[in-house]
Every structure is written in structure tokens, then in C-alpha cells.
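Report on the structure
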Amino acid sequence: MKLVHAPQFRTQLLQWYGQSARAMPWRETTNPYPIWISEIMLQQTTVTAVIPYYHAFLAAFPTVEALAAADEQAVLHHWQGLGYYSRARNIHKCAKILMADYNGIFPKTPEELEKLPGIGPYTSNAIAAFAYNTPAAVLDGNVERVLTRLTADATPLPQAKPKLRILAHKMSDDKNSRLYNNAIMELGSVLCTPKNPKCLLCPVQKFCRAFADDIPQNFPVKSPKKARPNKHGKAYILLNTQGEIYLQQRSDKGLLANLWEVPHTGWEAKKGLPSLFGIHFKRAKNIGKIKHVFTHFSLELDIYFIETETPKNTENMFNLNNLPPLSNLIKKVLDCAKL
Ligand code: SF4
């Protein structure tokens, strides 16, 4: 992977960014706390979708201290809709560690930041660069795409990551880390897009091997994806005559930990019909089917509906207007019954 002419490349890139940068709330601050929250939310979620969640989350938990002191259920509540709930749990855990061991102050180097839960190589570099202007190379999917096109390197991802990391460090501007990293991410997001890159508008076109060879769309090369296994199960919506729904809380470990769900047969291993209040689940009415894709598998659930006399369990019966934190999967289940 050959290095493009870094100083000239940076000048062209920063000039363009100075004129074209999009306004984003987390770019208007150097406070590591909101920067961290935005970076975690932006994993797997688009900028437009994140903005309202970002504002609402910071309104509810304006400081690391407030977040650390919050109840986990309240944090999960504010994460509803973003999915990938382990991110919210890690944010909460991390805030507690920051208060207990770091006096509420974020470390300044990627190495120190990476010791905190939920902060990997990408996020540690992003916080260090955007909050503290620490020399760091932020390498997300956008930057990977730009770098593989600039160098026309055909090593497939993810195997190419180690050398892309080295290249990203060589190219970055140590005195201007905040600006440079924002600029190259913006280039990948706005012009050097996965499909139909806008090369004719690109400020670094003259440094780009893929453009010179007229093959930008060939990069990055990706290793073939493994097929996702399919799993199946049955989920039961149980309403009492007061219109309350039965929900149970998942364990505090593993997938969708601590979130609430309707009773189901399980999908990890066949568990058979749930058993609650002596209800005959075999009489439940099938009302449809939903599909949900997790990172490592896709799930198909047959949805059943039962209306029953009041189960006297107040802990697990919820008014539909006041539900505890639910995963997107369970929201789909409830949508199936138009609840
Ligand atoms: Fe990307 Fe095209 Fe610019 Fe090359 S010239 S960096 S392919 S937008």
C-alpha cells in the first residue's frame, strides 16, 4: 500500500473541508462526553437518525456524572429505537468507571481510552482527536474506502485493516488531528461514497490511483460474507381484560440483556411452550409472522395472541402506554398485533 503525497494531500483536503463541512452538533463541541455519546450512537446508525436521539439523551443525562448516577433501565429507555443495546449498557458501565477511577475526566490518549468498556480502537481515536486534538488516526468504513481507493489496494477487508491503520497514521496531521480526521471522514461520507463516487468534485482526485485507472467502484475489495443462519420461534402476546400486557425481563447477560419481552418458545434452543398462570397456550390465535435480523443470525417468529382473565401478577403486567425498555424485535412483535 503506497503512501500518497501526504502534505499536499492534506492541504487540498483541509481546504475543501473548510468550505464544505456539514454542520453536526457534535462537531460544535470539544467536550469529550457528548463526542463519546455521538460516536457510540453513530455506530450502525446514520447521522440523520442519530441527531434527535443525541439531543434527547444529553437532555436526560447532561454529564458523565448524571449518566453514572442514572438507573440502567432509564438509560435503556433513552436508547430505545437505536438497537444494539450492549452499547447503552457499556456507556452506563463506562460512566461509572470514569466517575470512580478517573474523577469524571476522560483520558486523553487512545491507549488509555481503550481500557474503558465499549471503547474500541475506532472510538478511542475519535474521542482523542475530536475532543483533545491528540494525534490519532480515526479509521471508520468511510476512511477505509477512501484509503483503499487512493492506493487502489486490492487486499480484501477485513484483512487489509492493519495496513490501512498504518497508512491512516502516516497520512494524518498530528498538529491538526481534529480537523484532518473530520475532513477525511467527511470526504468518504459525502463524495467518496460506496456507489457512484463524485470523483469530478473530489479535492484529492489527482492523488487517487483508482480514479486514474477509472476503477473507484472496485474498492474496497471485501471478503465474501458468511451466510447468516436462520432461527425460528413462537412469541405470545398475552393481554388481560384491562388491556394490560404480560412482559418478562431478560437476564442481565447475553443478547438483549435486561430488556423486556413477551413470553416465547426461545430460539437459541427449543424450549417448548411457555408456562404462565396455567394458560393454555395451545389455544392462542396465530396473528402473523415477523422477521428480524441480528448481527449473527436472522430470526423468524410466529406471533400468537391470547386474551385472558386478569393474571394477578402486577409486576409483569404493563399498561400499553407505559411500557418498560423493549428491543426493536419486541416492538415488531407488538406492531404485528397493532399494539
Ligand atoms: Fe474517492 Fe473518487 Fe476522490 Fe478517488 S477521486 S478519493 S475515488 S471520490
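Scroll up to find the structure this text is about.
Summary of the structure given here. On a predicted model such as this, the values are computed, not experimentally measured, just so you know.

So, on to the overall build of the protein chain. Counting its regular elements, the protein chain contains 13 helices and seven strands. Taken along the three principal axes of its C-alpha coordinates, the protein chain extends 75 × 45 × 30 Å. Taking all 339 residues of the protein chain together, 49% fall into the buried category. Counting contacts in the protein chain only where the partners sit at least 6 residues apart, residues at least 24 apart contribute 67% of the total. For the protein chain, the exposed area adds up to about 17300 Å²; of that, 52% sits on carbon and sulfur atoms.

Moving on to the pattern of salt bridges. By the definition in use, this model includes 10 salt bridges. For the salt bridge of Glu186 with Arg22, the shortest nitrogen-to-oxygen distance reads 3.0 Å. Separated by 164 residues along the polypeptide, Glu186 in helix α11 (residues 177–190) and Arg22 in the loop between α1 (6–20) and α2 (32–42) bring together distant segments of the chain. Residue classification places Glu186 among the buried residues on the basis of a relative accessible area of 1%.

In this section: α1. Relative to the 21 Å expected for 15 residues at 1.5 Å per residue, α1 spans 21 Å between its end C-alpha atoms, a close match to the ideal helical length. Burial in α1 covers these residues: Ala6, Phe9, Arg10, Leu13, Leu14, Trp16 and Tyr17. Down the axis of α1, the sector holding all buried residues measures 165°, keeping them to one side. Residues of α1 that are exposed and angled more than 90 degrees away from the buried face: Gly18 and Gln19. Those residues of α1 that are buried are in contact with α9 (141–151), α10 (161–171) and α11.

Attention now goes to the nonpolar core. In terms of nonpolar packing, the biggest core is built from 94 residues, with Tyr33, Trp36, Phe57, Leu67 and Leu147 touching the most fellow members. By size, the runner-up hydrophobic cluster in this structure holds 10 residues, among which are Leu238, Leu276, Ala284 and Met317.

Around the ligand, the surrounding shell consists of Arg149, Cys192, Cys199, Cys202, Gln205, Cys208, Phe211 and Pro216. For the shell around the ligand, the residue count by class is six nonpolar, one polar and one charged.

So, about the pairing of strand β5 (residues 285–293). Direction of pairing for β5 relative to strand β6 (residues 298–308): antiparallel, over a ladder of eight bridges. Bridge pairing in β6 places Lys291 opposite Glu300. Linking two consecutive strands that pair antiparallel, namely β5 and β6, is a turn of four residues.

Burial runs high along β6: eight of the 11 residues are buried. Two elements, strand β1 (residues 230–240) and β6, share 11 bridges in a ladder whose sense is parallel. By the bridge assignment for β6, Lys231 is matched with Leu299.

Turning to its location among the elements, Ala21 is positioned in the loop between α1 and α2. Given the relative accessible area of 36%, Ala21 is considered partly exposed. Ignoring sequence-local partners within four residues, the contact set of Ala21 consists of Arg27 and Glu186.

Our next topic: the packing of aromatic side chains. On inspection of all chains with the given rule, the structure shows nine aromatic pairs. Relative to Tyr54, the ring of Trp26 has its centre 5.2 Å away and its plane inclined at 75°; by these criteria the two rings are edge-to-face. Of this pair, Trp26 sits in the loop between α1 and α2 while Tyr54 sits in helix α3 (residues 47–60), and the two are 28 residues apart along the sequence. Residue classification places Trp26 among the buried positions, given a relative accessible area of 8%. For Tyr54, a relative accessible area of 4% translates into the label buried. Taking the centre distance of 5.8 Å and the plane angle of 85° together, the rings of Phe57 and Trp79 count as edge-to-face. Taken together, the positions of Phe57 in helix α3 and Trp79 in helix α5 (residues 72–79) put the pair 22 residues apart, joining distant regions of the chain. Judged by its relative accessible area of 0%, Phe57 falls in the buried class. Following the ring pairs from residue to residue traces out a cluster consisting of Tyr33, Trp36 and Phe106.

The residue after Leu157, namely Pro158, is reached through a cis peptide bond having omega 5°. On the secondary structure map, Pro158 appears in the loop between α9 and α10. Cis peptide bonds are those with omega within 30 degrees of zero, and the linkage from Phe219 to Pro220 qualifies with -5°. When you line up the elements, Pro220 lands in the loop between α12 (209–212) and β1.

What follows covers the packing of α9 against α10. The relative placement of two packed helices is expressed as an angle between their axes plus a distance between the axes. Where α9 contacts α10, the two axes come as close as 10 Å, and the packing angle between them is 85°. Classified by the angle their axes make, α9 and α10 are roughly perpendicular. Together, Glu144, Leu147, Thr148, Leu150 and Thr151 of α9 and Lys161, Leu164, Leu167, Ala168 and Met171 of α10 make up the contact between the two elements. Classifying every residue of the contact of α9 with α10 gives six nonpolar, two polar and two charged.

Quick notes on the rules
Residues numbered from 1 in each chain as written. Predicted model: local features only at pLDDT ≥ 70, side-chain atom pairs only at ≥ 80, totals over all residues. Heavy atoms only, no water. Helix = DSSP H or I, 4+ residues; strand = E, 2+ residues; numbered from the N terminus. Buried < 20%, exposed > 50% of the residue type's maximum accessible area, 1.4 Å probe, protein only. Contact = heavy atoms within 4.5 Å. Areas by Shrake-Rupley, 256 points an atom, 1.4 Å probe, with all protein chains shown as cover. Salt bridge = Lys/Arg side-chain N within 4 Å of Asp/Glu carboxyl O. Expected span 1.5 Å × (residues − 1). Arc of directions from axis to C-beta. Core = buried A, V, L, I, M, F, W, Y, C linked by side-chain atoms within 4.5 Å. Near = heavy atom within 4 Å. Nonpolar A, V, L, I, M, F, W, Y, C, P; charged D, E, K, R; others polar. Pairing = 2+ DSSP bridges. Phe/Tyr/Trp six-rings, centres within 6.5 Å; stacked < 30°, edge-to-face > 60°. Axes fitted to C-alpha atoms, helices over the stretch in contact; angles between N-to-C directions. Parallel < 35°, antiparallel > 145°, perpendicular 65-115°, else oblique.

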